[in-house]
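An overview of the molecular structure
Okay, here's what each chain looks like letter by letter:
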Amino acid sequence: MVTAQSNALMKFKRAYPKIKDPILKTIYRQTIDALTQNITELLQFYPLTPKTGRDDDVLKDDASAAAAGELLGFAKTSIKSYALAITETATPSLRKVFKKHLNGAIDTHAKIFNCLYERNLYPAYDLNQLLQNDVDVANKALSQPF
């Protein structure tokens, strides 16, 4: 939740200055404020998590890590969206297409995950590092001006 909301917060903050419609700008501002509050509240729980005692040195390439995280998030969202779409269609031929797309999205997710894991950009088995990455992304999103 923290990473997804942090990524959304950064996108909304980047878009905010470009919005001309006053009503839409107000909605964006309310969304930015709500996400900021959500992230701040959720970050309070991170210090309470158990520590595994493991502290691997993870490669820090912020640009690649951010781009890869966005790509991985997109793949996960695609999987969820196609799975939901399959349950909402009554057309067998469309269901078949959705299933094909779902399998493609699953394969894409695996490629992205393996690429990230092999390059130490996604420490999937290191809870401490995963939680620290969440905190880092959240703090970056919270401190980003708009």
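In this numbering scheme, every chain counts its residues from 1 along its sequence in written order. pLDDT decides what is reported in this predicted model: residues at 70 or higher carry local features, side-chain atom pairs at 80 or more are listed and counted, and totals for whole chains, interfaces and linings draw on all residues regardless. Hydrogens are left out, water is left out, and the side-chain values use all remaining heavy atoms of the structure.

Some thoughts on helix α1 (residues 2–15)
Elements are defined by DSSP. Helices are runs of H or I of four residues or more, strands are runs of E of two residues or more, and each kind is numbered from the N terminus. What a helix should span is 1.5 Å times the count of its residues minus one. With 14 residues, α1 extends 20 Å between its outermost C-alpha atoms, agreeing within 8% with the 20 Å of an ideal straight helix rising 1.5 Å per residue. Among all positions of α1, only Val2, Gln5, Ser6, Leu9, Met10 and Lys13 are buried. Angularly, the buried residues of α1 cover 140° about the axis, an arc narrow enough to put them on a single face. As for α1, its buried residues are in contact with α2 (22–43) and α5 (127–143). We call a residue buried when its accessible area falls under 20% of the maximum for its residue type, exposed when it is over 50%, and partly exposed in between, using a 1.4 Å probe and counting protein chains only. Note: the arc covers the axis-to-C-beta directions of the helix. Note on definitions: a residue-residue contact is assigned when non-hydrogen atoms from the two residues lie within 4.5 Å.

Side note on the pattern of salt bridges
If charged atoms from side chains of opposite charge come close, those side chains can pair. Any Lys or Arg side-chain nitrogen located within 4 Å of an Asp or Glu carboxyl oxygen qualifies as a salt bridge. For the coordinates displayed, the defined rule picks out two salt bridges. For glutamate 70, the salt bridge is made with lysine 11, and the minimal N-O distance between the two is 3.8 Å. Of the two residues, glutamate 70 is situated in helix α3 (residues 62–88) and lysine 11 in helix α1; the sequence distance between them amounts to 59 residues. A salt bridge links aspartate 33 to arginine 29; its shortest N-O distance comes to 3.1 Å. Of this pair, aspartate 33 and arginine 29 are both found in helix α2, four residues apart, which corresponds to roughly one turn of the helix. With a relative accessible area of 38%, aspartate 33 lands in the partly exposed category.

Details of the nonpolar core
For this analysis, a nonpolar core means a set of buried residues of the types Ala, Val, Leu, Ile, Met, Phe, Trp, Tyr and Cys, connected via side-chain atoms within 4.5 Å. Ranked by internal contacts, the top residues of the largest apolar core, which has 13 residues, are Val2, Leu9, Ile39, Leu43, Tyr46 and Ala138. If we skip the residues at most four places from it in the chain, leucine 43 touches Val2, Val135, Ala138, Asn139 and Leu142. Membership of the second largest hydrophobic core comes to seven residues, among which are Ala75, Phe113, Leu116 and Leu121.

Some points on the packing of α1 against α5
An axis is simply a line fitted to the C-alpha atoms; with a helix, the fit covers only the stretch in contact. Between two such axes, the angle follows the N-to-C directions and lies from 0 to 180 degrees. Closest axis-to-axis distance for the α1/α5 pair is 9 Å, and the angle between their directions is 25°. In terms of axis orientation, α1 runs roughly parallel to α5. In this structure, α1 crosses over α5, and the sense of that crossing is left-handed. Seen from α1, the contacting residues are Val2, Thr3, Ser6, Asn7, Leu9, Met10 and Lys13; seen from α5, they are Asp134, Val137, Ala138, Lys140, Ala141, Leu142 and Ser143. In what follows, roughly perpendicular refers to angles from 65 to 115 degrees, roughly parallel to angles under 35, roughly antiparallel to angles over 145, and oblique to any angle outside these ranges. Crossing chirality is assigned from the near helix's rotation relative to the far helix, an anticlockwise turn below a right angle marking it left-handed and a clockwise turn marking it right-handed.

The values reported here are purely geometric and, on their own, carry no functional implication.
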